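Given next are the chains, with one letter for each unit.
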Amino acid sequence: MAELPLDGVRVLDLSHVFAGPTCTRILAELGADVIKVEARQRLDISRILIMTDNDTADQPWNRTCYFAVHNAGKRGITLDLTAEQGRGLFSRLIPHCDVLVESFTPRVMKAFELEYETVRQLKPDIIMLSMSGYGQTGPYRDWSAYGMGLEPASGISAATGYRGGPPIRTGMSFTDPLTGVLAAGAVLAALRYRQRTGRGQFIDLSQQEGAMALMGTALMDYQMNGRLAERMGNRSSWAAPQGCYRCRGDDDWLVISVENDEEWAAFCRATGHPEWAGDERFADVLARHENHDALDVLIEGWTREQDHYEAFHLLQRAGVKAAPVLNGKELLLDPHFRERHRFDLVDHPVVGRRPVPRHLVARFDRFEPRVDVAAPLLGQHNREVLQGMLGLSDEELASLEAEGVIGSEPVLDLPEGLTFEMLRDVIRELFRIPLEKMQEMGAVQAVEPDYRQQLGLDEPAGGS
Amino acid sequence: MTDAALSDLRVVDLSQGVAGPYCTKLLADYGAKVIKIEPPGGDVSRRLGPFPQDLPHPEKSGLFLHLNTNKKSVTLDVATASGVVILKKLLARADVLVESCPPGRMDGWGIGYEQLREGFPQLIYASITSFGQTGPYRDYRANSLVSMAMSSIMYATGEPDREPLATGCEPADFFAGLQAFVGILAALAYRQRNGGGQHVDVSLVESVAAADEYNAAMYAYQGAIRRRYYSRHVFGYPMDILPSQDGYVVVIPGAQGFPVPLAEQGASPMALLLEDLELDQNPLFHTFQERWVRWRELDDLILPWLATHPSRQIVETAQELRMPFALVPTAADLLEDEHLAERDFFVEMEHPGGVKLRHPGAPLRMSETPLRSGPAPTLGQDNEAVLGEVGYNLEDLGILRDRGVI
């Protein structure tokens, strides 16, 4: 097997949910040994988000697809950093590591007595990356932040929405993967610098600032012309027509973007409507902007009769930018993505064989960044890491487990008299997603019980 | 002067537009010496606005000035044989080449990856394209809208009874630029360890598809096809942009905002925020499934209070209660924001014609190797210096200029 660029690099990962885990997931794909540290008292919250088969029965904290896709390829340990013993063990791990990644608000690492000044005493050339929502300084530094708030906070949402409508968030935590990739780049740059000079460093990444490169045009336009970005739906300030059009099928859509006269002529030919090309209302790009509404009606009259994938091929082959609006299932099955290995299959001890997406999409001809192992179960590598790296004895491990410092089950802060067993049914209900109701409401398009067959998950191993 | 993380790197940048230039902007801001090769007419982004007073000028494009900080500009027509000769002299001294042509075009000029690998075995050759160098759609073309559509993210964004909605600010190119930046550094790390350059192949559509949070996962682990529903996450409501007295605010109660099941606690942060402790008795406050399904009833409890309070007060109070609410600033708000001001985020630069602009500053702060901030180059401003280094004197440059090579 070819060597990977980060073979031999070890990363301690205190980050949770999506942005930080994206960064460390990329480092893992590049060969780093990533040790994810959780606490039994404070799991990565994505361990309760979206249960496989919506079933919370057995080890729910090891069953979520959210955790599975963003943490594949990492090892996992539990350490209670609020306890002195937990902090002591963590401090003993630091000298064995090259990189420390965390995404708490600054007050948390301070409370753990794990600020950079302390960490570097234990490992002078460590690279420590703190990627909180708003950074380590400034009046908002202690504001807690979720990805769903950082997209608006960075200015992107004010420029997103239907024409004339309110600002809208992307239907996911959009800036998390952006700042996660940015963070991975910072770690790689710092590792290169360390190789050259022997020096580590501290990196303060504010996720709000990290996403703000996207605001460049909007910031410039405001300063140059006093103009604020309008919400334009799917339209563009240059291409016209540009939009998202309904196709044949239940909820199938096609985006089309026509940038110039040549593409417009090609579009009219490909759709079998040469008469549009001669229509004065659409004669040039300015006219097409001006009469965009009328044009949309005509275009949708055509797309409504088309299959979204077939229309995509037809238009692209004619030289017109177009694409089907893929849903999650189509993303998994698209032939282009499949050929380029968008997903790898891994075997998970609790939920079986499943696809996990690659977080680094760059492809190389001399090595292949990928992960081969599933996300860690809670505390799965406690023994391996604490014995292998720190030389703890079986007795020491047992006593740490008895005291709750480590372990493989969550510790719930339960009212007196209640046990985890007594609450199993309550917990079971607590984390189910109301899929049937969501389907009724239109938030879920379909639920397909035969999805494993459709994805070929039960076929013999051998690539995605 | 402090050292920069990538000060030992030399990059030849043939890319144009947004994705490639954003990648090489990062390389340059991290300290790499980036020689931006522009066709004699300039990078296409010099013709895209915004421009001051909307008057097009190749040295005043806001987009170009934003994306090309800290680079050197050399004009060179690589579609000519003389241009290729000069390019190869520059590549002999470079670690990285970045290009953003459709697959095959560089081969047509004799400077494709396979054509250069023998002469430049240590070169990292990064290509940023719409769909990548291989696969059934390699010759198709993408922009940000196409990339959003194919990512599954757009399908899950927008109102349920309307068309799917793409995210604003044309984000795809930035995702691709970042992926290319990471890919280049990974290839450099590989070269340090094993020797040898290689091809780094990055596509716009995959860069955005890789940002999918759980649309594919919901199908692959549940068989559920997630659809757009007011841009809401499937695991909670309210987590959305809602109207306040003076604009909008992001309402995110977080893990602790509503009464936590099974835990003993006092009044919930949401009840405290809304100044009505009785709300903790409301069944809607007790399970996320009920809030998700009966969200209109929940809105009735929340919206009237939001509508009578200003955004900043709402966010500050919520944050004091440890709830991750957020503001919804415009570009104007960001330029005046006290937090960003205290962090000195924006960097003012002066450009030709006396145009002064505040640019988004370093996306992260490195204690040993701060990122650099310097303006974008004027077209061909470094022709003499850069081409002089590889042996062309002023007389040569005159001849090349007359023939339209530079």
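Residues numbered from 1 in each chain as written. Chains lettered and ligands numbered in written order. Predicted model: local features only at pLDDT ≥ 70, side-chain atom pairs only at ≥ 80, totals over all residues.

**Structural notes on the overall build of chain A**
Cut-off, in case you're wondering: Going along the chain from the N terminus, every DSSP run of H or I of four or more residues is numbered as a helix, and every run of E of two or more is numbered as a strand. Neighbour counting defines burial: a residue surrounded by 20 or more other C-beta atoms within 10 Å of its own C-beta is buried, one with 12 or fewer is exposed, and intermediate counts give partly exposed, using backbone-placed C-beta atoms. Contact between two residues is assigned when their C-beta atoms, built from the backbone, lie within 7 Å.
Within chain A one finds 21 helices and 13 strands. With the principal axes as the frame, chain A shows a C-alpha extent of 85 × 50 × 50 Å. By residue count, 56% of the 464 residues in chain A fall in the buried class. Restricting to contacts in chain A with at least 6 residues of sequence separation, those with at least 24 account for 69%.

**Some points on the overall build of chain B**
Across its full length, chain B holds 17 helices and 13 strands. For chain B, the spread of C-alpha atoms along the three principal axes comes to 85 × 50 × 40 Å. Looking at chain B as a whole, 57% of its 406 residues are labelled buried. Considering only residue pairs separated by 6 or more positions, chain B has 68% of its internal contacts joining residues 24 or more positions apart.

**Some details on the interface of chain B and chain A**
Inclusion rule: All residues other than Ala, Val, Leu, Ile, Met, Phe, Trp, Tyr, Cys, Pro, Asp, Glu, Lys and Arg, Gly among them, are scored as polar; the first ten of these are nonpolar and the last four charged. In short, DSSP must find at least two bridges between two strands for them to pair.
In this complex, chain B contributes 141 residues to the contact, which on the side of chain A involves 148 residues. Of all the elements, helix α7 (residues 172-194) of chain B adds the most residues to the side of chain B that touches chain A, at 17 residues. Split into classes, the residues belonging to the side of chain B that touches chain A amount to 86 nonpolar, 33 polar and 22 charged. Examined bridge by bridge, strand β13 (residues 444-447) of chain A and strand β7 (residues 224-226) of chain B share three bridges and lie antiparallel to one another. Looking across to β7(B), one finds that A:A446 is bridged to B:I225.

**Focus: the packing of helix α1 (residues 19-29) of chain A against helix α7 (residues 175-197) of chain A**
Axes are the key here: two packed helices are described by the angle between their axes and the distance separating the axes. Residues and elements named next belong to chain A. Short version of the rule: Axes here refer to lines fitted to C-alpha atoms; in helices the fit is confined to the stretch in contact. Angles between the N-to-C directions go from 0 to 180 degrees. An angle below 35 degrees is read as roughly parallel, one above 145 as roughly antiparallel, one from 65 to 115 as roughly perpendicular, and any other as oblique. Crossing handedness: left-handed means the near helix sits turned counterclockwise from the far one by under a right angle, and right-handed means the same turn made clockwise.
Orientation of α1 relative to α7, taken along the N-to-C sense of each, is 45°, at an axis distance of 7 Å. In terms of axis orientation, α1 runs oblique to α7. Our pair here, α1 against α7, has a crossing hand that is right-handed. Mapping the contact onto sequence places A19, G20, T22, C23, I26 and L27 in α1 and D176, P177, T179, G180, V181, A183, A184 and V187 in α7. Classifying every residue of the contact of α1 with α7 gives nine nonpolar, four polar and one charged.

**So, the domain arrangement of chain A**
Accessible area lost on assembly of the parts is the figure often given for the size of an interface. The condition that has to hold: As annotated, the domain borders come from an automatic or database domain assignment.
When cut into domains, chain A gives domain 1 (10-212 + 340-435) and domain 2 (242-332). Spacing between the C-alpha centres of domain 1 of chain A and domain 2 of chain A amounts to 42 Å.

**Focus on the sheet that holds strand β1 (residues 10-13) of chain B**
Remark on secondary structure: sheet strands pair via backbone hydrogen bonds, oriented parallel or antiparallel. Pairing in this open sheet of seven strands is mixed, and the strands run β12(A)-β6(B)-β5(B)-β4(B)-β1(B)-β2(B)-β3(B) from one edge to the other. Looking at which strands have only one partner, the edges of the open sheet turn out to be β12 (363-364) of chain A together with β3 (72-75) of chain B. As paired strands, β12(A) and strand β6 (residues 198-203) of chain B are joined by two bridges and run antiparallel to one another. Across the sheet, A:R363 pairs through a bridge with B:D201, a residue of β6(B).

**Concerning the nonpolar core**
A general feature of soluble globular proteins is that nonpolar side chains tend to end up buried together. Threshold: Here, a nonpolar core means buried Ala, Val, Leu, Ile, Met, Phe, Trp, Tyr and Cys residues linked by C-beta atoms lying within 7 Å of one another.
Of all hydrophobic cores here, the largest spans 276 residues; its most connected members are A:L27, A:L129, A:V187, B:L27, B:A126 and B:V182. Per-element tally for this core: the top contributor is α7(B), with 15 residues. Apart from the residues within four sequence positions on either side, B:A126 is in contact with B:V96, B:L97, B:V98, B:A180, B:G183, B:I184, B:V200 and B:V202.

**Notes on the pairing of strand β5 (residues 124-129) of chain B**
All names here are of chain B. Within β5, six of the six residues are buried, leaving the element largely enclosed by the surrounding structure. Here β5 shows two buried faces, one formed by I124, A126 and I128 and the other by Y125, S127 and T129. The pairing of strand β4 (residues 96-99) with β5 spans four bridges and is parallel. Bridging from a neighbouring strand, V96 pairs with I124 of β5. Where β5 lies against β6, six bridges are found, and the strand directions are parallel. Within β6, the residue paired with I124 across the bridge is Q198.

**Thoughts on the sheet that holds strand β9 (residues 248-251) of chain B**
Residues and elements named next belong to chain B. In space, the three strands of this open sheet follow the order β8-β9-β10, with antiparallel pairing throughout. Each edge of the open sheet carries a strand with a single partner, namely β8 (240-243) and β10 (326-327). Packing against the sheet, helix α12 (residues 295-307) makes contact with β8 and β9, and its axis sits at approximately 55° to β8. Here helix α13 (residues 311-320) sits on the sheet in contact with β9 and β10, set at roughly 20° to β9.

**Brief notes about the pairing of β3(B)**
All names here are of chain B. Applied cut-off: The handedness rule is simple: strands pointing away from the viewer, and a clockwise path from the first strand over the helix to the second, make the crossover right-handed.
Bridging between strand β2 (residues 33-38) and β3 involves four bridges; their strand directions are parallel. For I35, the partnering residue across the bridge sits in β3 and is K72. The handedness of the β2 to β3 crossover, carried by helix α2 (residues 62-67), is right-handed.

**Describing the domain arrangement of chain B**
Annotation of chain B at the domain level lists domain 1 (10-211 + 342-402) and domain 2 (248-327). For domain 1 of chain B versus domain 2 of chain B, the distance between C-alpha centres works out to 45 Å.

**Let's talk about the environment of A:E117**
Within the element layout of this structure, A:E117 appears in helix α5 (residues 116-122). For the pair A:E117 and A:L188, spaced 71 residues apart in sequence, the C-alpha separation works out to 21 Å.

**Let's talk about helix α3 (residues 84-93) of chain A**
All names here are of chain A. What counts is decided by this rule: In this description, one arc is meant: the one made by directions from the helix axis to the C-beta atoms.
Those residues of α3 that sit buried are G86, L89, F90 and L93. The arc that holds every buried residue of α3, seen down its axis, measures 100°, which confines them to one face. Every exposed residue of α3 that faces more than 90 degrees away from the buried side is listed here: E84 and G88. Packing partners of the buried residues in α3 comprise β1 (10-13), β2 (33-38) and α17 (382-388).

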